[in-house]
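Structural characterization, general
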Amino acid sequence: MTTRVVVLLSGRGSNFKALLDADLPVKYTAVISNRPDAAGLDYARRQGISTIALNHRGYPTRETFDEVLAKEIDKAGADLVVLAGYMRILTKEFVQRFEGRLLNIHPSLLPSFPGLRTHESAIAEGIKVHGCTVHFVTPTLDHGPIVIQAAVPVLPDDTPNTLAARVLEQEHRIYPQAVRWFAEGRLVISDGLVNVRDSDVSQWVLATP
Ligand code: GRF
């Protein structure tokens, strides 16, 4: 049976677009955004994918919002929920409800630099290798079983923008790979670690400048 995917996003949606471009063996049952003006939502609409705008500002608490969000996801039908630049912290209840079928992409080599402004922090720390991570989501922010990572060099004249662009290019490679593995039923989580069954693609990517 085709894997049904619901995508959550808050912004431009370039990772979502990369997923679509990869022509994965999945069906996108809905794209949901907490920001009605998200460009990614507009893009989904133009691709004929059903979209839902749920403005978080209309809800009194994070819990009530996440409850409604979870119901919309269930209504759409989801074997997998993909966070693609979804810029809201999820409640523990939400994460537990979708645990094992909730993926996120984060612009750093986790567990380094969880949270926001990862590229600024990477430059400020003077690290030489940076990157991005696709991981299963757990209740701890930007933490959870790691599916695939890509590493990029940090160059001496990098700004947060140039570094972000180099990382983003790799995000667009590794997220489709992770979703493909999930759809193929190859991802096995055991003791918090992810193994990929019967695949000759590695769980790491090293990008050259
Ligand atoms: C990406 O850098 C992703 O790693 C982070 O948010 C950004 C979303 O970008 N979680 P886009 O909306 O997919 O272009």
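For the structure, check the block above.
What counts and how
- Counting restarts for each chain: residues are numbered from 1 in the order of the written sequence.
- The predicted origin of the model limits local features to residues at a pLDDT of at least 70 and limits the giving and counting of side-chain atom pairs to 80 or more, whereas totals for whole chains, interfaces and linings rest on all residues.
- Side-chain metrics in this entry use all non-hydrogen atoms of the structure; hydrogen atoms and water are not considered.
- Distances are taken per atom, and a residue is near a molecule or strand as soon as one of its heavy atoms is within 4 Å of it.
- As used in this structure description, the phrase polar contact means that two N or O atoms lie within 3.5 Å; if the pair is within protein, one of them must be able to donate a hydrogen and the other to accept it, and residues adjacent in sequence are counted only when both atoms belong to side chains.
- Here the term cavity refers to a set of points on a 1 Å grid, laid over the protein atoms alone, in which a 1.4 Å probe fits but cannot get out; the term pocket refers to an open set having protein on both sides within 12 Å along at least five of seven lines, with lining residues being those that place an atom within 4 Å of a point.
- Criterion for pocket placement: a molecule counts as inside a cavity or pocket if more than half of its atoms are within 2 Å of its grid points.
- Only DSSP runs of H or I with at least four residues qualify as helices, and only runs of E with at least two residues qualify as strands; both kinds are numbered from the N terminus onward.
- An automatic or database domain assignment provides the domain bounds reported here.
- Each pair of aromatic rings taken from Phe, Tyr and Trp, with Trp reduced to its six-membered ring, is defined by centres within 6.5 Å and is described as stacked if the planes are under 30 degrees apart, edge-to-face if over 60, and tilted in the remaining cases.
- To sort residues, take the accessible area from a 1.4 Å probe on protein chains only and compare it with the maximum for the residue type: under 20% means buried, over 50% means exposed, and anything in between is partly exposed.

Glancing now at the site of the ligand. Near the ligand the following residues occur: Arg12, Gly13, Ser14, Asn15, Gly85, Ile105, His106, Pro107 and Glu171. Within the side chain of Arg12, a nitrogen or oxygen atom sits 2.5 Å from an oxygen atom of the ligand. Here an oxygen atom of the ligand and a backbone polar atom of Gly13 are 2.9 Å apart. In a pocket analysis with a 2 Å cut-off to the grid points, the ligand is assigned to the largest pocket. Elements represented by at least two residues in the shell around the ligand include exactly α1 (14–21) and β5 (102–106). Split by domain, the residues of the shell around the ligand number at least three in each of domain 1 (1–98) and domain 2 (104–209).

What follows concerns the packing of aromatic side chains. Throughout the structure, instances matching the rule amount to 5 aromatic pairs. With a centroid separation of 6.1 Å and an interplanar angle of 85°, the aromatic rings of Phe16 and Tyr28 are classed as edge-to-face. Placement of the pair is Phe16 in helix α1 and Tyr28 in strand β2 (residues 26–33), with a sequence separation of 12 residues. Neither residue differs from the other here; Phe16 and Tyr28 are each classed as buried. Note on Phe16 and Tyr43: the rings are 6.3 Å apart at their centroids and 80° apart in plane angle, and the pair reads as edge-to-face. One end of the pair, Phe16, is in helix α1; the other, Tyr43, is in helix α2 (residues 39–46), with 27 residues separating them in the sequence. Pair check on accessibility: Phe16 and Tyr43 agree, each one buried.

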